[in-house]
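Structural characterization, general
The chain contents come next:
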Amino acid sequence: LCLMAAPGKVAAFRLPPLPTIGEIIKLFRLKALKQLSQNFLLDLRLTDKIVKQAGELKNAHVCEVGPGPGGITRSILSAGVKQLLLIEKDARFIPGLQMLSEAAPGKVRIVHGDILTYKMEKAFPKHLKKHWEDEPPDIHIIGNLPFSVSTPLIIRWLENVSKRDGPFIYGRTQMTLTFQKEVGERLTANPGSNQRSRLSIMAQYLCTVENCFVIPGQAFVPKPEVDVAVVHFTPLVEPKIQQPFELVEKVVQSVFQFRRKYCFRGIDSLCHCLLYTSREQLMMTADVDPTLRPFQLSMSQFRNLCNEYRKMCDEDPSLFVFNYREELRQKKTRRLLGSTGQSEQTEEENQL
């Protein structure tokens, strides 16, 4: 461990000489598993650039998700953090991470587990908690996420933002995460953009979302078929839609299920059990042109739809539990069972 400082200045943390990430991979015979969507980032200049997007990390508490061989981990430690929590599901990476932990005594805590089940509300000291209206706490989440978990994980964390629990029990915790370039574009897409999607609305109604920069696929080992976007999230003090997460998700998901068709098709499926006049009234009251495509709707129009739908659900609670897709599945199942029964009856008649 090497602590170096100019006279009169606070000592800066420096990692001692360590094997390169490539040497760590060879030393522990690590291999990226395709079924886990693993891709290693070996260029420390790029890992430094990712960490820089998180903001000021000096004396901060950081959780890194899926550190793998530890490239981003080194950059986080070099930024002078106070504590670093590493959550790694793949046991093969633990020995290499322990080597980093020994090089930064007292700074690193390693958890061998799945981020989808880990209790993030207990990850940091209680004294770091801030009121939601205050500036974000000195807590950051950073991760080069496997493609297979990135979307379900960000949806879960957005739900946590809405309910102010999980890692957001401490306040408006900031996140700097990697996604496939296309997913990054969806997260930040504006109304009218071809990339505008359900993910755009769910992220932007709760957070300020910034697409920081794109890392070319060839920078990773093995090279993925797509480029990678680095995206930064800061939860908003006031969400742009003041309704429960489950209601917003249902409305947005329904509208976008017929992405290329007029938006009334999705709204129609949302309220399929209502009279046509009621569904028409919903769009009129929400000030939504039924001939717009879903990706053309603004955040305020989604807010109006959610508010009006909430009023309708308050009047008829059975409306919220109505699931158009489930109804279609049940109809299809009944139809298949009916046709099977008829074919069995025909075969029996033939035998007779």
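Presented here is a report on the structure given in the accompanying data block. Please read all numbers here as calculations on a predicted model, not as lab measurements. (Residues numbered from 1 in each chain as written. Predicted model: local features only at pLDDT ≥ 70, side-chain atom pairs only at ≥ 80, totals over all residues. Heavy atoms only, no water.)

A few points about the overall build of the chain
Scanning the chain from N- to C-terminus turns up 13 helices and 11 strands. For the chain, the residues scored as buried account for 46% of the 352 residues in total. Intrachain contacts of the chain at a sequence separation of at least 6 include 69% that bridge at least 24 residues. In the structure as shown, the chain presents an accessible area of about 18300 Å², 51% of it carried by carbon and sulfur atoms. (Helix = DSSP H or I, 4+ residues; strand = E, 2+ residues; numbered from the N terminus. Buried < 20%, exposed > 50% of the residue type's maximum accessible area, 1.4 Å probe, protein only. Contact = heavy atoms within 4.5 Å. Areas by Shrake-Rupley, 256 points an atom, 1.4 Å probe, with all protein chains shown as cover.)

Considerations on the pattern of salt bridges
Per the counting criterion, the structure on display carries nine salt bridges. For D90, the salt bridge identified is with R92, shortest N-O distance 2.7 Å. The class of R92 is partly exposed, set by a relative accessible area of 27%. Counted as one network, the salt bridges with shared partners bring together E159, K163 and E246. (Salt bridge = Lys/Arg side-chain N within 4 Å of Asp/Glu carboxyl O.)

Digging into unusual backbone geometry
Across the junction of V221 and P222, the peptide omega takes the value -10 degrees, indicating a cis bond. Located in the positive-phi region is R164, a residue other than glycine, with phi close to 55 degrees. When its relative accessible area of 36% is taken as the criterion, R164 is described as partly exposed. In the Ramachandran plot, D287 falls in the positive-phi region, its phi being about 60 degrees despite a non-glycine side chain. Of note, D287 is situated in the loop between α10 (276-285) and α11 (299-315). Taking relative accessible area as the criterion, D287 reaches 58% and is therefore assigned exposed.

So, the packing of aromatic side chains
Ring pairs (aromatic) are described by centroid distance and by the angle formed between their planes. Applying the stated criterion across every chain, the model contains five aromatic pairs. A ring pair is formed by F124 and Y170, whose centres lie 5.5 Å apart and whose planes are at 80 degrees; its orientation type is edge-to-face. Placement of F124 in the loop between β6 (108-112) and β7 (139-143) and of Y170 in the loop between α5 (147-163) and β8 (174-180) is noted, with a sequence separation of 46 residues between them. One exposure class covers both F124 and Y170, and it is buried. Residue placement shows K49 over the ring face of F213; its charged tip is 4.4 Å from the ring centre. Geometry around F320 places K250 over its ring, the cationic atom sitting 5.1 Å from the centre. (Phe/Tyr/Trp six-rings, centres within 6.5 Å; stacked < 30°, edge-to-face > 60°. Lys NZ or Arg CZ within 6 Å of the ring centre and 35° of its normal.)

Description of the pairing of strand β11 (residues 228-235)
Most of β11 is tucked away: eight of the eight residues are buried. Along β11, one buried face is formed by V228, V230, H232 and T234 and the opposite face, lined by A229, V231, F233 and P235, is buried too.

Digging into the nonpolar core
W157, L158, L177, F179, L187, F233 and L305 are the most contacted members of the largest nonpolar core, which totals 64 residues. Looking at which domains feed residues into this core, each of domain 1 (27-235) and domain 2 (245-336) gives three or more. Setting aside residues no more than four positions away along its own chain, W157 makes contact with V65, I115, I141, P167, F168, M175 and L177. The next biggest cluster of nonpolar side chains, apart from the first, holds 36 residues, and it includes L30, F40, A60 and V230. (Core = buried A, V, L, I, M, F, W, Y, C linked by side-chain atoms within 4.5 Å. Domains from an automatic or database assignment.)

Focus: the packing of α5 against helix α8 (residues 245-256)
Two elements in contact, α5 and α8, have axes separated by 10 Å at closest approach and are oriented at 135 degrees. The orientation of α5 relative to α8 falls into the category oblique. Note on element contacts: α8 touches α5 through F245, E246 and E249, opposite I155, L158, E159, S162 and K163. Across the contact of α5 with α8, the residue classes tally to three nonpolar, one polar and four charged. (Axes fitted to C-alpha atoms, helices over the stretch in contact; angles between N-to-C directions. Parallel < 35°, antiparallel > 145°, perpendicular 65-115°, else oblique. Nonpolar A, V, L, I, M, F, W, Y, C, P; charged D, E, K, R; others polar.)

Considerations on the environment of N59
With respect to the secondary-structure elements, N59 resides in the loop between α2 (44-52) and β4 (61-65). Judged by relative accessible area, N59 falls into the partly exposed class, the value being 48%. Here the alpha-carbon distance between N59 and V81, two residues 22 residues apart in the chain, equals 4.4 Å. Aside from chain neighbours lying at most four places away, what touches N59 is G80, V81, K82 and D138.

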